[in-house]
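So the chains spell out like this:
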Amino acid sequence: MSRKKTAEEYEKTFAFRFFRWLSGEKDPYIGNVEMQPQKKYEPDHEAALRREKEHDAIMDKVYDTGHNRWLHLFHRLYQTTSVLFCLFLIALLLVTVSYLPANGTVTRPVNNEVSARYIEKGLEETGAVNIVAGMILDYRAFDTLGESHVLFVATITVLILLRLNKTEKDEAEVSDRRFEPKNDAILQVVATFLVPVIIIFGIYIILNGHLGPGGGFSGGAVIGAGLVLYLNAFGFKKTERFFTEKTYKWVCFFSLSFYCLAKSYSFYTGANHLHSVIPKGTPGAILSSGLILPLNIAVGLVVACTIYAFYAMFRKGGF
Amino acid sequence: MSAVEWIRLIIGCLFILVGMVIFFTELFGVFHFNYVLNRMHAAAMGDTLGISACLIGLMIFSGLNFTTLKMFLIIVFLWFASPVSSHVLSRLEAATNDNLSSHCEIYEDVETLERELAAAGKDGDTEKKEASVS
Amino acid sequence: MKESIYHPLFILLLIVLSFMLLVCLIRAVKGPRVADRLMAVNMMGTMVMVMISILALLLREGYLVDICLIYAMISFLSVVVISKVYIGIYEEQHHYQEDAEGGNADECS
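Quick caveat: nothing in here was measured; it's all calculated off a predicted structure.

Engineer: Sorry if this is basic, but what is going on with the interface of chain C and chain B here?
Structural biologist: Taken together, the contact pairs 47 residues of chain C with 44 residues of chain B. Looking at the side of chain C facing chain B, the largest losses of area belong to C:Arg27, C:Arg33 and C:Met39, adding up to 13% of the total buried there. Inspection of the region where chain C meets chain B yields three salt bridges. Where chain C meets chain B, there are seven residue pairs in polar contact (both at pLDDT 80 or more). Of all the elements in the fold, those that place two or more residues in the side of chain C that touches chain B are helix 1 (3–30), helix 2 (34–58) and helix 3 (64–102) of chain C. Residue contributions to the side of chain C that touches chain B peak at 15 residues, all from helix 3 of chain C.

Engineer: Got a minute to help me understand a negative patch on the surface in this structure?
Structural biologist: Side chains of A:Asp27, B:Glu108, B:Asp109, B:Glu111 and B:Glu114 sit close together on the surface and give a patch of like negative charge. Tracing the sequence through the fold places A:Asp27 in the loop between helix 2 (14–23) and helix 3 (45–63).

Engineer: Quick question: what am I supposed to make of the domain arrangement of chain B here?
Structural biologist: By a widely used convention, the size of an interface equals the accessible area lost when the partners come together. Considered domain by domain, chain B is made up of domain 1 (3–98) and domain 2 (104–134). Computed over C-alpha atoms only, the centres of domain 1 of chain B and domain 2 of chain B are separated by 34 Å.

Engineer: Whenever I open this one, the nonpolar core confuses me. Can you help?
Structural biologist: Burial of nonpolar side chains together is a common tendency in soluble globular proteins. In terms of nonpolar packing, the biggest core is built from 93 residues, with B:Leu58 and C:Phe10 touching the most fellow members. The dominant element in this core, judged by the number of residues it contributes, is helix 2 of chain C, at 15 residues. If near-sequence neighbours (up to four positions away) are discounted, C:Phe10 is found in contact with B:Leu58, B:Phe61, C:Ile54, C:Leu57 and C:Leu58. Core analysis: the next-biggest nonpolar cluster, separate from the first, contains 11 residues, A:Leu145, A:Tyr259, A:Leu295 and A:Val299 among them.

Engineer: Hey, could you run me through the domain arrangement of chain A in this one?
Structural biologist: According to the domain assignment, chain A consists of domain 1 (45–97) and domain 2 (129–319). Summarising the inter-unit geometry, the C-alpha centres of domain 1 of chain A and domain 2 of chain A are found 34 Å apart.

About the thresholds
Residues numbered from 1 in each chain as written. Chains lettered and ligands numbered in written order. Predicted model: local features only at pLDDT ≥ 70, side-chain atom pairs only at ≥ 80, totals over all residues. Heavy atoms only, no water. Contact = heavy atoms within 4.5 Å. Buried area = accessible area lost by both parts, 1.4 Å probe. Salt bridge = Lys/Arg side-chain N within 4 Å of Asp/Glu carboxyl O. Polar contact = N/O pair within 3.5 Å; in protein donor to acceptor, adjacent residues only side chain to side chain. Helix = DSSP H or I, 4+ residues; strand = E, 2+ residues; numbered from the N terminus. Patch = residues over 30% accessible without salt bridge, like charges linked within 9 Å, V, L, I, M, F, W, Y side chains within 5 Å. Areas by Shrake-Rupley, 256 points an atom, 1.4 Å probe, with all protein chains shown as cover. Lys, Arg positive; Asp, Glu negative; His and termini not counted. Charge placed at Lys NZ, Arg CZ, Asp CG, Glu CD. Domains from an automatic or database assignment. Core = buried A, V, L, I, M, F, W, Y, C linked by side-chain atoms within 4.5 Å. Buried < 20%, exposed > 50% of the residue type's maximum accessible area, 1.4 Å probe, protein only.

As structure tokens, then:
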């Protein structure tokens, strides 16, 4: 019995493909990199009209928007109250600012002894080689807590403003992005390599916050950018397999509450002159400077979620 | 200065010089061509080869430390990401240009293209044979 | 590293690169198509990356190379995102124009 392979079997082997590539008979790009034609989208006019009519009917029956004077009154009251409140807040802040010392006096916060103390004793009191990280996460950790909460509040505010209802969401989601190029093969292959690299680089920046420039904010921005690249390459369906509203909620909740609890322990021991068990370590090692490393991680997670959330909200109206 | 340092200086300068020449060529090409898809050929050359040559020269200047490794990581990242940028930009141009057929040929599907290429290949072979005979 | 040789060499390279950067800006302003401008900005990012690496060696700060890597990432990401959004909006406008010329009603979205 002959050991020669039939033509069909030979075409399946590696040697055939290798010699074909070597001789250059078959162009490797034809048939491989063109984009498939997209599915045509048929707009559903009757469903949209029906939804509008239902919405108008509900507003009319339940709220009686045409004749309800309480509604008009509340609207006017809301507008005037909001303007008055803004003016009051502006006036209050300006008056407070005018109490600060004038430029050049000794008591002005820029010229007093605080900055000299931070620079001289920063390393030995916080244990961080990067005294900026030591300052924002050890001396002034309360301000950084406020900043992380500001990021969270900003995301929630934009979510409230841009939020769509469930029915509107399905219609708008299809119509807003249906012309975008989807499933680009080259971009997907490169993204499978690059996104882990970018995320690992972001983690490296976060972990090295206390040893050099970097920290939670910049590292979190890099991780957010990696997630945005993944979203652009693969689309919303695949990204929602691992990042949904629930993920965002739990990640932010855990990060911010961990930050609060950890810093509360520091405040408690510091205010009562107790000895805290968190070690400062040797400066220059990665596990040093007490709480700065965990707090960097918490801040980084919040920032990454915020950046991805903003992008997804402006593209889709929710996430 | 010892001989090793001189050699390092010379080789590093050579690489950086090559990189600069590539950057100049890229810049000249971007201004010389008259359509964006042609200019992209020149730009992509600088993005990958030009910056690699410059960074290899700088790596030689810097010696063996962590900075060198990071520069190598930059080169790897750029070699993956720059061609994809060019691909995405050319798709942008092809999708948004109404009179693209005045600049390049457009084929409707893959079979037409393959037939054209096969025909061109056969014509090229017969021309070569005629040239060799005569 | 002999300072007296490397220092002027780096300064010369920086001057040449900054001149080329300004020339790239002309293409970014002049280019008739959108892809021209995006491509010019990408080139400017690449030249800035070389400048940052040279600065990292000039000032002996190894951490500036991290910033360089972030620049590479940001320029790549911006090209991808802007292209995607622009193609989507262009084709949407095109589609609505064709619909309006054809006489169909636009959908309410």
